[in-house]
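Chain residues, written in single-letter form:
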Amino acid sequence: MILRDAVRVLVSNWDGAHTVPSRRLYPHQWSWDSAFIAIGNARWSPRRARSELLSLFGAQWADGRVPHIVFNPRVPAGSYFPDQGFWQAKAPSGAETSGIVQPPVHALAAWKTHLAEPDTAFLRRIYPRLVAQQEFLRRDRRSPEGLISVVHPWESGMDNSPAWDRPLRAVQAGGASGFTRRDLDSVSADERPTDRDYAQYIELATAYRDSGYTDPGAFEVEDPLFNAAYGLAESTLAKIANTLGLDAEPHEREAEAITLAMVEHLFDGGLFQARDVRTGELTDTASAAGLTPLILPGLPADVAEVLIATALDRFQIKDLPLPSYAPDTPEFDPARYWRGPSWINVSWIVWQGLKDRRPDLAATLADSVLSAVVKSGFREYFDPYTLRGHGCRDFSWSAALVLDMVA
Ligand code: 9WN
């Protein structure tokens, strides 16, 4: 029943070559959403999974960046804010896009799509594009410590996480006004970022856009989830290279290097922290992003053990679908977006990381996610305690990743 409903959501959000995250709230194609959606679609329609990824990478820029939004020209401009008129960016294919990126979870999606239905022609097409995506990050976003930075909270995918409160203090939002938020047309304001958050998001995006999408501007942060995704992408590219008879070693070396750099610079006691590149400080926060390095195959066992202890103790993963922010903090809010609610994609990443290390906990976490969906449907996020659904309904990655978890 739940599987049939999940497929129904994905079918109703399919737009011919890609899937929208949500018909009303997010009517275009989003980068990391497409990767998660492909992982779910691979379970019942590998053809759609391949199309999802190839259509996204069809809008890749010449510098290798994969934009976080690819606008659908058939959807009226202004249905989503900020729209293509704001970003003023075009891919070589002619597609109108945003100019920022999201966590690079796409190599994993391509690999899982191939495993579901082996197709080396697909792998051969997507591999150079995945490599170019990583090269962009190395070239434009690498710090002297060897870590990758995000230059906008939207790039982290966890937009209003309390982890960004402090780095955002450096952002003056005086200039950003006179825009109309469209997200509040369909979701209640107390479940979304605040107006002040939006003023800062627009200020930062405007400055980056006006620099020709080159100058990092006032926000530059090394996020553990983004870096874990980048490292996992290298391990996965090694597998893809092996399958294609190409040299896997550079990927293996890079995966190892990023894992070491993360442990050295971001691991802080119980959790990985984000580091503010401007000040050099760790954020000292409690985001579930700090648990996601569990997905790195080369993470030292003692570090993984500490993360698992934190997941049990502070994030209560024996009893709750993983909260996006630790409930034992004053910032925790069970309903407001990335400040506490459980999201299925972050739970799925941690579940992946637990599957080999602690299959018992992975199974418990999958059960909690399933309970949330059984109670409230494929909502965007959930109150970790009551499992009440929040944000939009029929959210694509919630459906896709449940399909993958129960398969
Ligand atoms: C801005 C589409 C996206 C997700 C992000 C999530 C949310 C957008 C927004 O929706 O962000 O990119 O308008 O709030 O935070 O992770 O990719 O589902």
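Residues take numbers from 1 onward in each chain, read along the sequence in its written order. It should be noted that, the model being predicted, local features are given only for residues of pLDDT at least 70 and side-chain atom pairs only at 80 or more, the latter also being counted only at that level, while totals for whole chains, interfaces and linings use all residues.

### Let's talk about the overall build of the protein
Here is step 1: The helix count covers DSSP runs of H or I at least four residues long, the strand count covers runs of E at least two residues long, and both are numbered beginning at the N terminus. Of regular secondary structure, the protein possesses 14 helices and 10 strands.
Here is step 2: It is over C-alpha atoms that the radius of gyration is taken, and the globule rule equals 2.2 Å times the number of residues to the power 0.38. A compact globule built from 407 residues would reach a C-alpha radius of gyration of about 22 Å, and the protein, at 19 Å, matches this within 12%.
Here is step 3: Across its three principal directions, the C-alpha atoms of the protein cover 50 × 50 × 50 Å.
Here is step 4: Across the protein, contacts joining residues at least 24 apart in sequence account for 70% of those joining residues at least 6 apart. Any residue pair is listed as a contact if its two C-beta atoms, each placed from the backbone, are within 7 Å.

### Remarks on the site of the ligand
Here is step 1: By definition, a residue lies near a molecule or strand when the C-beta atom built from its backbone is within 6 Å of it. Within the structure, the ligand sits among Pro21, Tyr26, Trp30, Trp32, Asp33, His68, Trp154, Gly157, Asp159 and Asp183.
Here is step 2: In terms of residue class, the shell around the ligand is made up of five nonpolar, two polar and three charged. Each residue is assigned to one of three groups, with Ala, Val, Leu, Ile, Met, Phe, Trp, Tyr, Cys and Pro labelled nonpolar, Asp, Glu, Lys and Arg labelled charged, and all others, Gly among them, labelled polar.

### Remarks on the nonpolar core
The tendency in soluble globular proteins is for nonpolar side chains to be buried side by side.
Here is step 1: Core analysis: the largest hydrophobic core is formed by 119 residues, its most contacted members being Ala110, Val350, Ala400, Leu401 and Val402.
Here is step 2: The biggest single contributor to this core is helix H9 (residues 224-243), with 10 residues.
Here is step 3: Dropping the residues within four chain positions of it, Val402 is found in contact with Ile2, Ala6, Ile344, Val369, Leu370 and Val373. By our criterion, buried Ala, Val, Leu, Ile, Met, Phe, Trp, Tyr and Cys residues that link up through C-beta atoms within 7 Å make up a nonpolar core. Burial is judged by counting other C-beta atoms within 10 Å of a residue's own C-beta: 20 or more means buried, 12 or fewer means exposed, and anything between counts as partly exposed, with every C-beta placed from the backbone.

### Concerning the environment of Ser31
Here is step 1: Structurally, Ser31 is set in helix H2 (residues 31-41).
Here is step 2: When the C-alpha atoms of Ser31 and Leu260 are compared, they prove to be 27 Å apart, with 229 residues separating the residues in sequence.
Here is step 3: In contact with Ser31, other than residues within four places in its own chain, are Leu56, Val66, Pro67, His68, Val101 and Gln102.

### Here's the deal with helix H10 (residues 249-266)
Here is step 1: Every helix has an expected span of 1.5 Å times one less than the residues it contains. Helix length check: H10, at 18 residues, gives a terminal C-alpha distance of 25 Å against a target of 26 Å (1.5 Å per residue), a fit within 8%.
Here is step 2: Among the residues making up H10, those that are buried are His251, Glu254, Ala255, Ile258, Thr259, Met262 and Leu266. Within H10, the buried residues cover an arc of 135° as seen down the axis, which keeps them to one side. Of the exposed residues in H10, those oriented more than 90 degrees away from the buried face are Glu249, Arg253 and Glu264.
Here is step 3: Among the structural elements, strand E5 (221-222), H9, strand E6 (267-268), strand E7 (271-272) and strand E8 (275-276) are those in contact with the buried residues of H10. For this quantity, the arc is that covered by the directions from the helix axis to the C-beta atoms.

### Comments concerning the packing of H2 against helix H14 (residues 396-406)
Here is step 1: Axis separation between H2 and H14 bottoms out at 7 Å; the angle between their running directions is 40°. Taken as axis vectors, H2 and H14 run oblique relative to one another. At the point where H2 passes H14, the crossing takes the left-handed sense. Residues Asp33, Phe36, Ile37, Ile39, Gly40 and Asn41 of H2 pack against Ser396, Trp397, Ala399, Ala400, Leu401, Leu403 and Asp404 of H14.
Here is step 2: Split into classes, the residues belonging to the contact of H2 with H14 amount to eight nonpolar, three polar and two charged. Helix axes are fitted only over the stretch in contact, all axes being lines through C-alpha atoms; the angle between N-to-C directions runs from 0 to 180 degrees. Here is the rule for angles: anything less than 35 degrees is roughly parallel, anything more than 145 is roughly antiparallel, 65 through 115 is roughly perpendicular, and the remaining ranges are oblique. Each crossing is labelled by how the near helix is turned from the far one, with a counterclockwise turn of less than a right angle marking it left-handed and a clockwise turn marking it right-handed.

### Looking at unusual backbone geometry
Here is step 1: Cis geometry is adopted by the peptide bond preceding Pro82, which originates at Phe81 and carries an omega value of 0°.
Here is step 2: Here Pro82 is to be found in the loop between strand E2 (69-70) and helix H4 (84-87).
Here is step 3: One non-glycine residue, Asp284, lies in positive phi territory at about 50°.
Here is step 4: Take Asp284: there are 12 C-beta atoms within 10 Å of it, and that puts it in the exposed class.
Here is step 5: One non-glycine residue with positive phi stands out, namely Tyr337, at about 55°.
Here is step 6: Along the polypeptide, Tyr337 turns up in the loop between helix H11 (301-313) and helix H12 (344-355).

### Description of the environment of Ala238
Here is step 1: Along the chain, Ala238 falls in helix H9.
Here is step 2: A count of 22 C-beta atoms within 10 Å places Ala238 in the buried class.
Here is step 3: Along the chain, Ala238 and Tyr208 lie 30 residues apart, while their C-alpha atoms are 33 Å from each other.
Here is step 4: Among residues more than four places away in sequence, those in contact with Ala238 are Ala248, His251, Glu252 and Ala255.

### Considerations on the packing of H12 against H14
Here is step 1: Taken N-terminus to C-terminus, the directions of H12 and H14 make an angle of 25°; their axes are 9 Å apart at the nearest point. As the angle between them shows, H12 and H14 are arranged roughly parallel. The element H12 and its partner H14 pack so that their crossing is left-handed. Only Trp397, Ser398, Leu401, Val402 and Met405 of H14 make contact with H12, whose side of the interface consists of Ile344, Asn345, Trp348 and Trp351.
Here is step 2: Taken together, the residues that form the contact of H12 with H14 break down as seven nonpolar, two polar and no charged.

### Section: the confidence of the model for the protein
Here is step 1: Scored from 0 to 100, pLDDT reflects the predictor's confidence in each residue. For the protein, per-residue confidence averages 97 on the pLDDT scale, and residues scoring 70 or more make up 100% of the total.
Here is step 2: Overall fold confidence for the complex sits at a pTM of 0.98, while the interface term, ipTM, reaches 0.99.

### Topic: the environment of Arg196
Here is step 1: As for its position among the elements, Arg196 is in helix H8 (residues 195-210).
Here is step 2: Of the residues examined, Arg196 has 10 C-beta atoms within 10 Å and is grouped as exposed.
Here is step 3: Distance from Arg196 to Leu168, taken between C-alpha atoms, is 11 Å for residues 28 residues apart in sequence.

### Considering H14
Residues spaced three or four apart along an α-helix face the same direction, because each turn holds 3.6 residues.
Here is step 1: Taken across its 11 residues, H14 has 10 buried, putting it largely inside the fold.
Here is step 2: Within the sequence span of H14, burial applies to Ser396, Trp397, Ser398, Ala399, Ala400, Leu401, Val402, Leu403, Asp404 and Met405.
Here is step 3: Here the buried face of H14 lies against helix H1 (2-12), H2, H12 and helix H13 (359-376).

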